[in-house]
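Below are the chains, spelled out letter by letter.
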Amino acid sequence: MSYVDEIYAKVVEQNPGESEFHQAVKEVLDSLKLVIDANEEKYRKMALLERMVEPERIISFRVPWVDDNGQVQVNKGYRVQFNSAIGPYKGGLRLHPSVNQGILKFLGFEQVFKNSLTGLPIGGGKGGSNFDPKGKSDREVMAFCQSFMTELSKYIGADQDVPAGDIGVGAREIGFLYGQYKRLTGLYEGVLTGKGLNYGGSLVRTQATGYGLVYILDEMLKKNGKELAGKTVVISGSGNVAIYATEKAQQLGAKVVALSDSNGYIYDKDGIKLDVVKEIKEVRRGRIKEYVNAVPSAVYTEGKGIWTVTCDIALPCATQNELNLEDAKALKANGCFAVAEGANMPSTREATDFFLENGMLFMPGKAANAGGVATSALEMSQNSQRLSWTFEEVDAKLKDIMVNIFAKADDAAKRYGVAGNYVAGANIAGFEKVVDAMIAQGIV
Ligand code: NDP
Ligand code: 2IT
């Protein structure tokens, strides 16, 4: 058995029930076969892949808090500190009932390669809880965040591990988490990113993942002789990533016609009115179906099905495995020619293979959504310098980083004879930097 296949078999055997983690590892290992085969003896001796697939540390803890009825609730809390070869652990915190150790390991594993691709000095990590913020009062969210941080604060720090937002964690949660960290440690330091602008946050961080997604999409289209202006775009989700992907796509002249949440999707043939969506989602924390109250000409459909909407470009920006083979076929049949992943691993492996085998342009999440964490790293730099850069400065750096990520994925794919396969390109380019740093640092 080849080294790569042997490691995948071990991962499945030693991490039972963690299907998303298996899936993420398999995709990366399959891409790396070409690189590993050329160095098999050396990598095997150093157990490089064994070390690559095993988190440096997983912290798991109890999170007790009191709800508005005086009832004590208990959630599970985690931080997966996956790999610190190229910098302090960096990655978001997810609050969603589906969170478990396997999901956070998949996200932490992806984060290692993504962070490497940004070219900035950040290692990979991820954390979160099975706490469901939906329907909770501000006080309940604060009580949860304070309890979560009381434990997490022992393991993080500006030069050690710097969490940020992800699903269910936005400005409100980061504020509560930061306040509690400061109270416990007495340190006013850049221990979290995505902070508010008046207490150390960076301009553009709120927009960064969605904007970055559209910057790299634009670059991929240009380099393949196509353009974004005038194209019809479907975007899933209606959270942070989806909203700012919509904003930037519209600014660049595309027409976004659909958005969704976990209940259903809206279709607006005239183009989504983003101020209405922001009011529903960012201000009222409502449901996407409320859009049709403000825009009666739009249509709301309950359930999945957003990928049956005709489009040129699809941007999945909700969650893992939200786009399967059937969805991929429907997109292709309706004329879609490009897909870029705002979410982490939103396409199933079968869907990804279908896109690649059918000549569609496809940019995987670890390259396409790296603008968020890249801008987090820019926030860390500003915090260390005790300076704030302007919106234009940060936005220009973000754009530059995304164009560079495209170039790295494109170049690695070409070097290994799989031109145009940005999945392989991103995995290989991300891996090369981390593996060099691991070798240089010895057996740790
Ligand atoms: P938000 O919490 O702001 O929004 C999430 C959106 O996805 C909501 O519309 C939500 O709908 C929908 N969603 C979440 N879970 C599910 C599910 N199980 N089924 C269907 N829909 C679902 O999160 P973000 O926008 O920040 O994150 C979206 C994706 O982007 C995630 O994969 C995240 O890991 C990834 N990402 C985020 C970055 C960031 O900077 N925030 C950076 C890089 C990647 P509902 O409200 O109904 O739950
Ligand atoms: O998946 C991701 O890259 C994020 N949720 C952002 C992480 C970060 O540290 O900004």
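Residues numbered from 1 in each chain as written. Chains lettered and ligands numbered in written order. Predicted model: local features only at pLDDT ≥ 70, side-chain atom pairs only at ≥ 80, totals over all residues. Heavy atoms only, no water.

Caption draft 1: Just the overall build of the chain, in detail. If you tally the helices and strands in the chain, you get 17 helices and 12 strands. Expressed along its principal axes, the backbone C-alpha trace of the chain runs to roughly 65 × 55 × 45 Å. Relative to all contacts within the chain whose residues are 6 or more apart in sequence, the contacts with residues 24 or more apart total 72%. Total accessible area on the chain stands at roughly 17,400 Å², and carbon and sulfur atoms take up 50% of it. Of the side-chain charges in the chain, 51 are positive and 54 negative, and the distance between the mean point of each set is 2 Å. (Helix = DSSP H or I, 4+ residues; strand = E, 2+ residues; numbered from the N terminus. Contact = heavy atoms within 4.5 Å. Areas by Shrake-Rupley, 256 points an atom, 1.4 Å probe, with all protein chains shown as cover. Lys, Arg positive; Asp, Glu negative; His and termini not counted. Charge placed at Lys NZ, Arg CZ, Asp CG, Glu CD.)

Caption draft 2: The environment of L197, seen in detail. Here L197 shows up in the loop between α7 (171–185) and α8 (205–223). On a C-alpha basis, the gap between L197 and S388 in space is 9.3 Å, while along the polypeptide they are 191 residues apart. When neighbours within four sequence positions are excluded, L197 is seen to be in contact with S202 and L203.

Caption draft 3: Broad picture of the sheet that holds strand β8 (residues 264–267). Pairing is mixed in the open sheet, where seven strands are placed in the order β9-β8-β7-β6-β10-β11-β12. Two strands close off the open sheet at either side, each with one partner strand: β9 (299–302) and β12 (361–363). Across the sheet, the mean angle from the axis of one strand to that of its neighbour is 15 degrees, orientation sign disregarded. With three bridges joining them, strand β6 (residues 232–235) and strand β7 (residues 255–260) adopt parallel strand pairing. Across the sheet, residue T232 finds its bridge partner in β7, namely K255. (Pairing = 2+ DSSP bridges. Axes fitted to C-alpha atoms, helices over the stretch in contact; angles between N-to-C directions.)

Caption draft 4: How the structure looks around the pairing of strand β5 (residues 161–164). Residues D161 and P163 line one face of β5 and the alternating positions V162 and A164 line the opposite face, and both faces are buried. Of the pairings in the sheet, the one linking strand β3 (residues 89–95) to β5 comprises four bridges and is parallel in character. Bridged to G92 within β5 is A164. (Buried < 20%, exposed > 50% of the residue type's maximum accessible area, 1.4 Å probe, protein only.)

Caption draft 5: Representation of the sheet that holds β5. If you trace the five strands from one edge of the open sheet to the other, you get β1-β2-β4-β3-β5, paired in mixed fashion. Each having just a single partner strand, β1 (57–66) and β5 make up the two edges of the open sheet. Going from strand to strand, the sheet's axes swing by 20 degrees on average, the running direction of each strand aside. With five bridges connecting them, β3 and strand β4 (residues 123–129) associate as parallel partners.

Caption draft 6: Representation of the site of ligand 1 within the structure. Around ligand 1, a shell composed of 25 residues is seen, among which D166, T209, S262, R287 and N344 lie nearest. Contact distances for ligand 1 include 3.4 Å between an oxygen atom and a backbone N or O atom of A318. Interatomic distance of 2.8 Å between a side-chain N/O atom of N344 and an oxygen atom of ligand 1. In isolation ligand 1 exposes 890 Å². Once the protein is present, 83% of that is buried. Those elements that place two or more of their residues in the shell around ligand 1 are α8 and α9 (240–251). Per-class residue counts for the shell around ligand 1 are five nonpolar, 13 polar and seven charged. (Near = heavy atom within 4 Å. Polar contact = N/O pair within 3.5 Å; in protein donor to acceptor, adjacent residues only side chain to side chain. Nonpolar A, V, L, I, M, F, W, Y, C, P; charged D, E, K, R; others polar.)

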